[in-house]
Amino acid sequence: MKYFLAIAREGQVTRAAKQLNMEQPPLSRQLKLMEEELGVRLFDRTSKRLKLTEAGELLRQRTEILLAQFEETLKEVKETEEGVRGVLSLGAVVSCISLLPNRIELFRETYPQVTFKILEGDHIYLGELLQKRVIELVVARLPFEAMTHPDRCEVLPLPSDPYVAVIPSSWTSHYEGRQSIPMKDLAGFPFLTLKTDKTTRMHEQVMNECRRHGFEPNIICECSSVAIIMSLVASGIGATIFPKSVMSSFPGSVVTMLDIEDADFQSEVGIVWLKDHYLSKSAKRFIDSFKH
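Because the structure is a prediction, the values reported are computed rather than measured.

Novice: For the overall build of the protein, give the residues involved together with the corresponding values.
Specialist: Of regular secondary structure, the protein possesses nine helices and 12 strands. Against the compact-globule benchmark of 19 Å for 292 residues, the protein has a radius of gyration of 24 Å, which places it well outside the compact range. Residues counted as buried form 44% of the 292 residues belonging to the protein. Counted over contacts in the protein with a minimum sequence separation of 6, partners at least 24 positions apart contribute 73%. On the protein, roughly 16,100 Å² of surface is accessible, and the fraction owed to carbon and sulfur atoms is 51%. Here the protein contributes 36 positively and 39 negatively charged side chains, and the mean placements of these two sets differ by 6 Å.

Novice: Can you explain the side chain of T63? Please cite residues and give values.
Specialist: You can see T63 is positioned in helix α4 (residues 54-79). Not counting the four nearest positions on each side in its chain, T63 is found in contact with M1, F4 and L5.

Novice: Describe unusual backbone geometry, with residues and values.
Specialist: Cis geometry is adopted by the peptide bond preceding P143, which originates at L142 and carries an omega value of 0°. In the Ramachandran plot, N21 falls in the positive-phi region, its phi being about 60° despite a non-glycine side chain. Counting through the fold element by element, N21 comes out in the loop between α2 (13-19) and α3 (24-38). Positive phi, close to 70°, is recorded for R133, a residue that is not glycine. Its location among the elements puts R133 in the loop between α6 (123-131) and β5 (137-141). With a relative accessible area of 17%, R133 lands in the buried category.

Novice: Give me the pattern of salt bridges: which residues, what numbers.
Specialist: If charged atoms from side chains of opposite charge come close, those side chains can pair. Overall, the coordinates contain 14 salt bridges when judged by the stated rule. Between R211 and E216 there is a salt bridge, with the nearest N and O atoms lying 2.8 Å from each other. Here the residues in one salt-bridge network are R9, E57, R60 and E64, joined through shared partners.

Novice: Got a sec to walk through the environment of F116? Specific residues and values, please.
Specialist: Turning to its location among the elements, F116 is positioned in strand β4 (residues 114-120). A sequence separation of 28 residues divides F116 from L88, and the C-alpha atoms of the two residues are 4.9 Å apart.

Novice: If you had to explain the packing of helix α5 (residues 101-110) against helix α9 (residues 281-289) to someone new, which residues and values would you point to?
Specialist: Interhelical geometry of α5 versus α9 gives an angle of 120° and a closest axis separation of 11 Å. The pairing of α5 with α9 is recorded here as oblique in orientation. Helix-helix and strand crossings are classified by hand; for α5 and α9 the assignment is right-handed. Residue-level contacts link R103, I104 and F107 of α5 to S282, R285, F286 and S289 of α9. Class assignment of the residues belonging to the contact of α5 with α9 gives a composition of three nonpolar, two polar and two charged.

Novice: Now, about α3: what can you tell me, with residues and values included?
Specialist: The end-to-end C-alpha separation of α3 is 21 Å, in line with the 21 Å expected for 15 residues at 1.5 Å each. For α3, the full list of buried residues reads L27, L31, M34 and E35. In a view along the axis of α3, the buried residues occupy a sector of 95°, so they form one face of it. Away from its buried face by more than 90 degrees, α3 exposes R29, K32, E36 and E37. Positioned one or two residues after α3, G39 has a phi angle of 75°, which is positive.

Novice: Please give an account of the packing of aromatic side chains that cites residues and values.
Specialist: According to the stated counting rule, one finds eight aromatic pairs in the structure shown. Judged by centre distance (5.8 Å) and plane angle (55°), the rings of F4 and F43 are tilted. Residue F4 is found in helix α1 (residues 2-10), and its partner F43 is found in strand β1 (residues 43-44); the two are separated by 39 residues along the sequence. Judged on exposure class, the residue F4 and its partner F43 are both buried. Centre to centre, the rings of Y163 and F265 are 4.5 Å apart; their planes meet at 20°, and the pair counts as stacked. With a gap of 102 residues between them, Y163 in strand β6 (residues 153-168) and F265 in the loop between β11 (255-260) and β12 (266-274) connect regions that are remote in the sequence. Of the two residues, Y163 and F265, both sit in the buried class.

Novice: Report on the pairing of β4, specifying residues and quantitative values.
Specialist: Looking at chain direction, strand β3 (residues 86-92) and β4 are connected through seven bridges and run parallel. For L88, the partnering residue across the bridge sits in β4 and is F116. Note on the crossover from β3 through α5 to β4: the handedness is right-handed.

Thresholds applied
Residues numbered from 1 in each chain as written. Predicted model: local features only at pLDDT ≥ 70, side-chain atom pairs only at ≥ 80, totals over all residues. Heavy atoms only, no water. Helix = DSSP H or I, 4+ residues; strand = E, 2+ residues; numbered from the N terminus. Rg over C-alpha atoms; globule rule 2.2 N^0.38 Å. Buried < 20%, exposed > 50% of the residue type's maximum accessible area, 1.4 Å probe, protein only. Contact = heavy atoms within 4.5 Å. Areas by Shrake-Rupley, 256 points an atom, 1.4 Å probe, with all protein chains shown as cover. Lys, Arg positive; Asp, Glu negative; His and termini not counted. Charge placed at Lys NZ, Arg CZ, Asp CG, Glu CD. Salt bridge = Lys/Arg side-chain N within 4 Å of Asp/Glu carboxyl O. Axes fitted to C-alpha atoms, helices over the stretch in contact; angles between N-to-C directions. Parallel < 35°, antiparallel > 145°, perpendicular 65-115°, else oblique. Left-handed = near helix turned anticlockwise from the far one by under 90°. Nonpolar A, V, L, I, M, F, W, Y, C, P; charged D, E, K, R; others polar. Expected span 1.5 Å × (residues − 1). Arc of directions from axis to C-beta. Phe/Tyr/Trp six-rings, centres within 6.5 Å; stacked < 30°, edge-to-face > 60°. Pairing = 2+ DSSP bridges. Right-handed = clockwise from strand over helix to strand, strands pointing away.

Next comes the structure, spelled out in structure tokens:
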């Protein structure tokens, strides 16, 4: 099954053999024996690249699941005799990275033998990694807009995150000494918004709140990167509305954060994982750490 999956991923026996650190002839024989045993053709060989047949694609999908379950079983067996240790792989959407540093620092004080692998991306990308078991957990804005069916996910909601206005410090003479700004003042600002092609929930929340106050924001830039938007705001290009927690990732930044006086809208946040799948001890403890 591992041999077959390597060939399916590489699309060529030669490259698959190299990836598996073996010679090409025995790998070709294994593929031939597999097709003979199953009585089906798994690949079309009409071009330089091997292309999966319909039967081959079905086997690839099931093989990925079975091998993932096999690896999870081995981990579970090993962990019955071990403490909390190893690598905890998790994903975080770009606007939630700021929620992790303090939590990881506290977690490692209790579990120093756990190390972290963190992948960043939008809901769709992280949902695919979750499905393939590349990561165990995702810290995300809710609802989780992945292709994974919502019924297949468990969610631990975290405290709501209020939205704030973020404007260039060079614009703030009018707001000097103030901690807040009315929503209508944002109507005249060039506006930057966080949005990807497939995940739009936060963008829609902000747009709807602007419309509720009677204006359509003057959007001059849509961007999928929090860091880029913050850089543009710091340069005086425009203003934005972000969840308040995002600002903790930019200490000393040349931007000004102001509460919004007449808008009480929140961004919901949570930890997401797959139901009915094995979770490592470190993943379970990490989830528990958010409950206290």
